[in-house]
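Chains, contacts and geometry: an overview
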Amino acid sequence: MTTPNYPILKLIPLTPSQAAAEVGLNAAEVLDNNNEWHIPPEHTRRRRPTLWLKLCSESDDIVDVDDSINNPLGPTRYAHSDGDGKYTCEMKLGRTEFANIIWNKVSRALCDIGMTKKETTSDSRNGSNSIDITAWIKMRKAEDQHLVHLDGTMIAHGINRKFRVQDGSILSLYGATGFAYRIRIESNGAVVNKVASVASKKRGADELTTISETSESDAKRHKHPGVLQGAHSLIENSTECPLCFGIFVKTVAVHPCGHNFCEECAETHLASINCPDCADDDTNGIRTECPCCRGEIEGFTRNRLADAMIWAVALNGCFDRDDAITYLKRREDAKMDAPTEEQKECILRCGKGEQEDIMNDNGPVFMAPKPVVSSPKTVIPTLPTLSTSQARANLNNNSNEVVDLT
């Protein structure tokens, strides 16, 4: 088999007991039902595929035909250009169909993992260049909103801050051992994470080195890139149902507290908290409790404005590709209006690897402005000036001619 000449990062799934052994925890305690990080067995037994990141374009990918037939690749992400000789391949981790994680206690967007290749000038005198390759993780949730662990320690880095990750580390998405992966970096001759202070330490949370988010390409694209990142996070959080952690579909607003949920999620919630043994004379045995504020639910109202705004956000290509695909599928299941092919293309166009195609020097271009066509000037004929006596004579003759009385 031909050896590829580009780095590969693989996320190899581990069971909770395997992850416990890797990070030095007691497997029996991890599998205990009273464990605060306990995951129902029907979710831990689901077969998860190996996830691949290849720091090359899809057309440059080297695949052995025989091996690919016997051992088909799992979900794969390829590199895209960020400008200034910088290439990145990245993958969102969380509750996604491609990773076969469907438990609704796991957010659909916890963190990103990726690799970046950047060509830099190492010697300005002779013009020699060097290539820096970095493997990293970037959090999408604040520290108090996730349970993502690296080598048994919860990640404490802020939102949108990248930090380096090493070959052999154990990344768990729910607690120290839940939905865990072993990170395998195949450098294939390249030097990955060339930082002496990192290479000299043992792997673990203490070795993490924060990578600066500011680059020349970011500055060129937008004067305030941090504002755009904050806006993207706001869109993710504001369009996420608190019950299913998916994008709102057929949004309903709860009265009187005003919290929003998917219509199906709200109905499922009310059904789940009610049982024949919960009889109450005041409520006729029906409990109506909002899952967000625990206030009493007096009724639901379809929030069509929210649905329209989310649809507009989707058409602007603001959702990640995986989220957009799931969103369209759920809309179809809910019997909502099917998108046209043009609309579907717009919704899916901002998948990783396509964002640079809709960027200009001023930031993201959501909708190309229509060209302004200058219309020919209307020529207004000049009327002859009439004297006052002539004007009065024309009026007396019942003339329809327009006159200038000035």
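All figures in this text were calculated on a predicted structure; none of them were measured in a lab.

Let us now look at unusual backbone geometry. Each neighbour pair has its own omega, and for His-255 with Pro-256 the value is 5 degrees, a cis peptide bond. For Pro-256, the position within the fold is in the loop between strand 14 (251-255) and strand 15 (260-262). Even without being glycine, Arg-294 reaches a positive phi, approximately 65 degrees. Mapping Arg-294 onto the fold places it in the loop between helix 8 (263-272) and strand 16 (299-302). Among the residues examined, Arg-294 registers a relative accessible area of 53% and is labelled exposed.

This part is about the pattern of salt bridges. Using the criterion set out here, one finds 11 salt bridges in the structure. Measuring nitrogen to oxygen at the nearest pair gives 3.1 Å for the salt bridge that ties Arg-184 to Asp-167. Pair noted here: Arg-184 is in strand 12 (residues 178-186) and Asp-167 is in the loop between strand 10 (162-164) and strand 11 (170-174), with a separation of 17 residues, a long-range link. Classification of Arg-184 as partly exposed rests on a relative accessible area of 37%. Residue Asp-307 pairs with Arg-302 through a salt bridge whose shortest N-O separation is 2.9 Å. Overall, Asp-307 belongs to the buried group, its relative accessible area being 10%.

Here the focus is helix 10 (residues 321-333). Look at helix 10: 19 Å from first C-alpha to last across 13 residues, which is about the 18 Å you get at 1.5 Å a residue. Those residues of helix 10 that sit buried are Asp-322, Asp-323, Ala-324, Tyr-327, Leu-328 and Arg-331. For helix 10, the elements touching its buried residues are strand 3 (76-78), strand 5 (86-93), helix 9 (304-315) and helix 11 (341-348). Two residues or fewer after helix 10 comes Lys-335, characterised by a positive phi angle close to 65 degrees.

Okay, the nonpolar core next. Grouped together as the largest cluster of nonpolar side chains are 36 residues, with contacts concentrated most on Leu-9, Leu-93, Ile-113, Ile-137, Leu-171, Leu-173 and Ile-183. Breaking this core down by element, the ones donating at least two residues are strand 1 (8-14), strand 2 (51-54), strand 5, strand 6 (111-123), strand 7 (128-139), strand 11 and strand 12. Among residues more than four places away in sequence, those in contact with Leu-9 are Leu-51, Trp-52, Leu-53, Ile-113, Gly-114, Met-115, Ala-135, Ile-183, Arg-184 and Ile-185. The next biggest cluster of nonpolar side chains, apart from the first, holds 27 residues, and it includes Cys-244, Val-252, Cys-265 and Ile-347.

We now examine the packing of helix 9 against helix 11. Packing of helix 9 against helix 11 leaves a shortest axis separation of 7 Å and a crossing angle of 75 degrees. When the axis of helix 9 is compared with that of helix 11, the two are roughly perpendicular. For the pair formed by helix 9 and helix 11, the contact residues are Trp-311, Ala-314 and Leu-315 on the first element and Gln-343, Cys-346 and Ile-347 on the second. For the contact of helix 9 with helix 11, the residue count by class is five nonpolar, one polar and no charged.

The interhelical angle for the contact between helix 9 and helix 10, taken along N-to-C directions, is 140 degrees, at an axis separation of 12 Å. With respect to each other, helix 9 and helix 10 are oriented oblique. Helix 10 is crossed by helix 9, and the crossing has left-handed handedness. Of the residues in helix 10, those touching helix 9 at Ile-310, Trp-311 and Ala-314 are Tyr-327, Leu-328 and Arg-331.

A separate point is the pairing of strand 14. The buried fraction of strand 14 is high, at four of five residues. Alignment of strand 14 against strand 15, held across three bridges, turns out to be antiparallel. Bridging from a neighbouring strand, Ala-253 pairs with Asn-260 of strand 15. Following strand 14, the chain reverses through four residues before pairing antiparallel with strand 15; Gly-258 in that reversal takes a positive phi of roughly 90 degrees. As defined by bridge partners, strand 14 adjoins strand 16 across four bridges and the pair is classed as antiparallel. When the sheet's bridge partners are listed, Ala-253 is paired in strand 16 with Thr-301.

So, about the sheet that holds strand 15. Pairing is antiparallel in the open sheet, where three strands are placed in the order 15-14-16. Each end of this open sheet is capped by a strand with a single partner; those strands are strand 15 and strand 16. Neighbour to neighbour, the strand axes of the sheet diverge by 40 degrees on average, direction disregarded.

The next point concerns the sheet that holds strand 12. If you trace the seven strands from one edge of the open sheet to the other, you get 3-2-1-12-11-8-9, paired in mixed fashion. Either end of the sheet is taken by a strand with one partner, and the two such strands are strand 3 and strand 9 (153-154). Both strand 8 (residues 149-150) and strand 9 contribute to a ladder of two bridges, which runs antiparallel. Counted as the bridge partner of Leu-150 is Thr-153 from strand 9. Strand contacts of helix 1 (residues 16-23): strand 1, strand 11 and strand 12, with the helix running at about 115 degrees to strand 1, the strand carrying the most contacts.

Below, the discussion takes up the packing of aromatic side chains. According to the stated counting rule, one finds four aromatic pairs in the structure shown. Between Trp-103 and Phe-179 the ring centres are 6.5 Å apart and the planes differ by 50 degrees, which places this aromatic pair in the tilted class. Taken together, the positions of Trp-103 in the loop between strand 5 and strand 6 and Phe-179 in strand 12 put the pair 76 residues apart, joining distant regions of the chain. For the residue pair Trp-103 and Phe-179, the accessibility class agrees, reading buried in each case. Considering the side-chain rings of Trp-311 and Tyr-327, the 6.4 Å spacing of their centres and the 45 degrees angle between planes classify their relative orientation as tilted. On the criterion of sequence distance, the pair formed by Trp-311 in helix 9 and Tyr-327 in helix 10 is long-range, its members being 16 residues apart. Like Tyr-327, Trp-311 is buried. Ring pairs connect the aromatic residues Trp-103, Tyr-174 and Phe-179, which therefore count as one cluster. Residue placement shows Arg-48 over the ring face of Tyr-181; its charged tip is 4.8 Å from the ring centre. Over the ring of Tyr-87 we find Lys-117; its NZ or CZ atom is 5.6 Å from the centre of that ring.

Procedures and definitions
Residues numbered from 1 in each chain as written. Predicted model: local features only at pLDDT ≥ 70, side-chain atom pairs only at ≥ 80, totals over all residues. Heavy atoms only, no water. Helix = DSSP H or I, 4+ residues; strand = E, 2+ residues; numbered from the N terminus. Buried < 20%, exposed > 50% of the residue type's maximum accessible area, 1.4 Å probe, protein only. Salt bridge = Lys/Arg side-chain N within 4 Å of Asp/Glu carboxyl O. Expected span 1.5 Å × (residues − 1). Contact = heavy atoms within 4.5 Å. Core = buried A, V, L, I, M, F, W, Y, C linked by side-chain atoms within 4.5 Å. Axes fitted to C-alpha atoms, helices over the stretch in contact; angles between N-to-C directions. Parallel < 35°, antiparallel > 145°, perpendicular 65-115°, else oblique. Nonpolar A, V, L, I, M, F, W, Y, C, P; charged D, E, K, R; others polar. Left-handed = near helix turned anticlockwise from the far one by under 90°. Pairing = 2+ DSSP bridges. Phe/Tyr/Trp six-rings, centres within 6.5 Å; stacked < 30°, edge-to-face > 60°. Lys NZ or Arg CZ within 6 Å of the ring centre and 35° of its normal.

No statement about biological role is implied by the geometric values presented.
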